[in-house]
Amino acid sequence: MSDTYDVIIIGSGAGGGTLARTMAPTGKRILILERGDWLKREAQNWDAKSVFVENRYISPDTWYDRNGKAFQPQIHYFVGGATKMYGAALYRLRKEDFGELREHDGVSPAWPLSYEEMEPFYTKAEEMYQVHGLRGTDPTEPPASAPYPYPPVSNEPRIQQLFDNLKAKGCHPFSAPCGIMLNEQDMANSSCIRCQTCDGFPCLVHAKSDAEVLGVRPALQYPNVTLLRNSRVLKLNTDASGRSVKEVVVERDGETETLSGDIVVVSCGAANSAKLLLSSANDKHPNGLANGSDQVGRNYMFHNSMAVLALSKEPNPTLFQKTIAINDFYFGMDGFDFPVGSIQMVGKSVGEMYKGEKPIETELAPIRLLDDIGRHAVDFWLCTEDLPDPENRVSLDRAGNLTLSYTPNNQVPKQKLYDKLKSMLKHLGMEPGHLIPRNAYLKNEIPIAGVAHQAGTCRFGLDPKSSVLDVNCKAHELDNLYVVDTSFFVSIGAVNPALTAMANALRVGAHLQDRLK
């Protein structure tokens, strides 16, 4: 194994895994460092008790809140990163999200590039991640240069009834963009079998469009690409000038070794990318690598989200539920002139999930009762925007532990969206008033433990005084350091961030290919 590479990519999720695949055909020596291992294919992949009650796939990290209280983040260290467990909801940010938006609690700032500049890479990311959808049905969707590469996922009967009821109510439901390897015209040869265990579960049959299956594995088909698993990066060392990363310090198999790359890409996720840069402080960068602006770790965001279940008057035997969404209220609603957010379906709930999500409340409840609730549940995901706040941040304590300080903001839109959905229930075949909040996928009571949509911490921008990265996601202060994950986000919008991370990785990949010629 070489100790020197053209490109070292630290992390293999939506950012790093996508970048590896797009760089692989260049013939350059590329090394992917992943602190986790392959996610084991086993029966427990599809077992709700194992996933939600026993937290089988949650990595054993300990982080701390602003008061020094320890908590376990709901984070996953595997080849493919967080995409191994995500729901594969692959939305584009709206065109307006790239500009300045006036929100209830302040301003959602403009990005240093336009939607039009990102659009070709959104199209390429949808192709790479095999997104199913239908243009022209979402009233807020931005312009696109091509149709979705795959047709929309069909609705099962109860969800089609919900779709029809929403249209009768005057809403504009649309087919949710979904990254699964499904061929409904030829199910005998389809990788995806439309199971109930997609959102929040690993995919046992590798039919979810995650960064392992569609990023890392295709990249490894090229002889110039190497993957080192169970390799945790501890620190980045610079040369004497402080202008370039000279060494990547890695802990592997109980030993510490140093590797070097002409270009080093950090793709550890918003929190851990910030931690790595802060942990790499030296004489030339006393406040952390690339942190002359004091912005590394700041402006952490993770959405104001809420999973809720409504009780259907009739059973809901749906298996694959996440097929429709509503954006009618994305930019406001009658009587409220600020952006509100999106309503999506979330993976179908079952009794064992409630045991994991509400362990105290359900401790004495028989599983048969919880399963009966699950049979009548229709599950929604409400997503609204939280605003970048420099005091919402990742920092290190004296022992080098990750501290995540977060104070919620822009909460009114979330309540407005909840109230709107609740008011619609009687028109949608639901029990009026029965809209029950769920701590979806969270066993820990601390809200900040839910890090699935983490973003910010290394924002990109034109001014080195107020940003960490330039428009190509290169650190302003270093010649060969890039950050390619959701850290670069200036704002987070009100849709899932994964596709934007993938599209940006393709955009930065194009830049790096030009640089390496």
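Structure shown above.
With respect to the overall build of the protein chain
No. 1: Each helix and strand in the protein chain was counted, giving 10 helices and 21 strands.
No. 2: In terms of overall size, the protein chain behaves like a compact globule, its C-alpha atoms giving a radius of gyration of 22 Å where 517 residues would be expected to give roughly 24 Å.
No. 3: Within the protein chain, the proportion of its 517 residues that are buried is 61%.
No. 4: For the protein chain, the proportion of contacts with a sequence separation of at least 24, taken over those separated by at least 6, is 73%.
No. 5: When the accessible area of the protein chain is evaluated, it comes to approximately 19,700 Å², of which 50% is carbon and sulfur surface.
No. 6: Positive and negative side-chain charges in the protein chain, numbering 54 and 62 respectively, have mean positions lying 1 Å apart.

Notes on unusual backbone geometry
No. 1: With a phi close to 50 degrees, asparagine 230 is a non-glycine residue in the positive phi region.
No. 2: Take asparagine 230: it is sitting in the loop between β10 (225–228) and β11 (231–238).
No. 3: By relative accessible area, which is 36% here, asparagine 230 ends up partly exposed.
No. 4: Even without a glycine there, the phi angle at asparagine 299 is positive, about 65 degrees.
No. 5: For asparagine 299, a relative accessible area of 5% puts it in the buried group.

Quick notes on the pairing of strand β14 (residues 304–312)
No. 1: Where burial is concerned, most of β14 is hidden: eight out of the nine residues are buried.
No. 2: Across eight bridges, β14 lies against strand β17 (residues 377–384) in antiparallel orientation. Counterpart to leucine 311 in the pairing with β17 is alanine 377.

Thoughts on the packing of helix α1 (residues 16–23) against helix α10 (residues 498–516)
No. 1: With their axes 8 Å apart at the nearest point, α1 and α10 run at an angle of 40 degrees to one another. Comparing the axis directions of α1 and α10 gives the class oblique. Regarding α1 and α10, the two cross each other, and that crossing is right-handed. Residues Thr18, Leu19, Thr22 and Met23 of α1 form the contact with α10, whose participating residues are Met502, Ala505, Leu506, Val508, Gly509, Leu512, Gln513 and Leu516.

Considerations on the pattern of salt bridges
No. 1: Counting across every chain of the model gives 21 salt bridges.
No. 2: A salt bridge links arginine 35 to aspartate 61; the shortest N-O distance between them is 3.8 Å. Of the two residues, arginine 35 sits in the loop between β2 (30–33) and α2 (48–53) while aspartate 61 sits in the loop between α2 and β3 (63–64), which places them 26 residues apart along the sequence.
No. 3: For the salt bridge of arginine 252 with glutamate 257, the shortest nitrogen-to-oxygen distance reads 3.1 Å.
No. 4: Take arginine 252: its relative accessible area is 19%, and that puts it in the buried class.
No. 5: Here the salt bridges share partners, and the residues they tie into one network are Lys84, Asp210, Glu212 and Arg217.

A word on the environment of glycine 170
No. 1: Its place among the elements puts glycine 170 in the loop between α4 (157–168) and β8 (174–175).
No. 2: Residues glycine 170 and aspartate 328, 158 residues apart in the sequence, show an inter-C-alpha distance of 9.6 Å.

Quick look at the environment of alanine 325
No. 1: Looking at where alanine 325 falls in the secondary structure, it is placed in strand β15 (residues 324–326).
No. 2: By relative accessible area, which is 2% here, alanine 325 ends up buried.
No. 3: Excluding anything up to four places from it in sequence, alanine 325 contacts Tyr91, His172, Pro173, Phe174, Ala176, Ile343 and Gln344.

Observations concerning helix α5 (residues 212–219)
Note: α-helices contain 3.6 residues per turn, so residues at a spacing of three or four share the same orientation.
No. 1: Of all eight residues in α5, six are buried; the element is thus mostly enclosed.
No. 2: Restricting attention to buried positions, one finds in α5 the residues Glu212, Val213, Leu214, Gly215, Val216 and Ala219.
No. 3: Lining the buried residues of α5 we find α1, β2, α3 (115–128) and β10.

Some words on the packing of aromatic side chains
No. 1: Under the counting rule described, the total for this entry stands at 16 aromatic pairs.
No. 2: Between tyrosine 330 and phenylalanine 331, the ring centres sit 4.9 Å apart and the planes meet at 70 degrees, which makes this aromatic pair edge-to-face.
No. 3: Looking at tyrosine 330, the relative accessible area reads 3%, which means it is buried.
No. 4: Here the aromatic cluster, defined as three or more aromatic residues joined through ring pairs, consists of Phe98, Trp111, Tyr115, Tyr122, Phe460, Phe488 and Phe489.
No. 5: Lying over the aromatic face of tyrosine 77, arginine 35 brings its terminal NZ or CZ to 3.9 Å of the ring centre.
No. 6: A cation over an aromatic ring shows up here: arginine 94 above the ring of tyrosine 330, its NZ or CZ 5.9 Å from the ring centre.

Observations regarding the side chain of aspartate 379
No. 1: As for its position among the elements, aspartate 379 is in strand β17.
No. 2: A polar atom in the side chain of aspartate 379 sits 3.2 Å from the side chain of glutamine 321.

Focus: the packing of α3 against α10
No. 1: Contact geometry for α3 and α10: axes closest at 8 Å, N-to-C directions at 110 degrees. One way to sum up the angle between α3 and α10 is to call them roughly perpendicular. Crossing handedness for the pair α3 and α10: right-handed. Here α3 contributes Met118, Phe121, Tyr122, Lys124, Ala125, Glu126 and Met128 to the contact with α10, which in turn contributes Leu499, Thr500, Met502, Ala503, Asn504, Leu506, Arg507 and Ala510.
No. 2: Taken together, the residues of the contact of α3 with α10 sort by class into 10 nonpolar, two polar and three charged.

Some thoughts on the nonpolar core
Taken as a class, soluble globular proteins show a tendency for nonpolar side chains to be buried jointly.
No. 1: Ile10, Leu33, Leu236 and Leu481 are the most contacted members of the largest nonpolar core, which has 106 residues in total.
No. 2: Ignoring sequence-local partners within four residues, the contact set of isoleucine 10 consists of Leu33, Val233, Leu236, Val248, Val264, Val265, Val266, Ser267, Cys268 and Leu276.
No. 3: Of all hydrophobic cores here, the second largest spans 28 residues; its members include Leu162, Met306, Leu417 and Leu428.

Regarding the environment of alanine 168
No. 1: Residue placement: alanine 168 occurs in helix α4.
No. 2: Alanine 168 gets classed as exposed once you look at its relative accessible area, which sits at 71%.
No. 3: Considering only alpha carbons, one finds alanine 168 and valine 250, 82 residues apart in sequence, at a separation of 58 Å.

Here we look at the pairing of strand β19 (residues 402–405)
No. 1: The alternating pattern of β19 places Leu402 and Leu404 on one face and Thr403 and Ser405 on the opposite face, and all of these are buried.
No. 2: Inspection of the sheet shows strand β18 (residues 393–396) paired to β19 by four bridges, in the antiparallel sense. Across the sheet, the residue bridging to leucine 396 is leucine 402, located in β19.
No. 3: Between the antiparallel neighbours β18 and β19 lie five residues, among them glycine 400 with a positive phi of about 85 degrees.

Calculation criteria
- Residues numbered from 1 in each chain as written.
- Predicted model: local features only at pLDDT ≥ 70, side-chain atom pairs only at ≥ 80, totals over all residues.
- Heavy atoms only, no water.
- Helix = DSSP H or I, 4+ residues; strand = E, 2+ residues; numbered from the N terminus.
- Rg over C-alpha atoms; globule rule 2.2 N^0.38 Å.
- Buried < 20%, exposed > 50% of the residue type's maximum accessible area, 1.4 Å probe, protein only.
- Contact = heavy atoms within 4.5 Å.
- Areas by Shrake-Rupley, 256 points an atom, 1.4 Å probe, with all protein chains shown as cover.
- Lys, Arg positive; Asp, Glu negative; His and termini not counted.
- Charge placed at Lys NZ, Arg CZ, Asp CG, Glu CD.
- Pairing = 2+ DSSP bridges.
- Axes fitted to C-alpha atoms, helices over the stretch in contact; angles between N-to-C directions.
- Parallel < 35°, antiparallel > 145°, perpendicular 65-115°, else oblique.
- Left-handed = near helix turned anticlockwise from the far one by under 90°.
- Salt bridge = Lys/Arg side-chain N within 4 Å of Asp/Glu carboxyl O.
- Phe/Tyr/Trp six-rings, centres within 6.5 Å; stacked < 30°, edge-to-face > 60°.
- Lys NZ or Arg CZ within 6 Å of the ring centre and 35° of its normal.
- Polar contact = N/O pair within 3.5 Å; in protein donor to acceptor, adjacent residues only side chain to side chain.
- Nonpolar A, V, L, I, M, F, W, Y, C, P; charged D, E, K, R; others polar.
- Core = buried A, V, L, I, M, F, W, Y, C linked by side-chain atoms within 4.5 Å.

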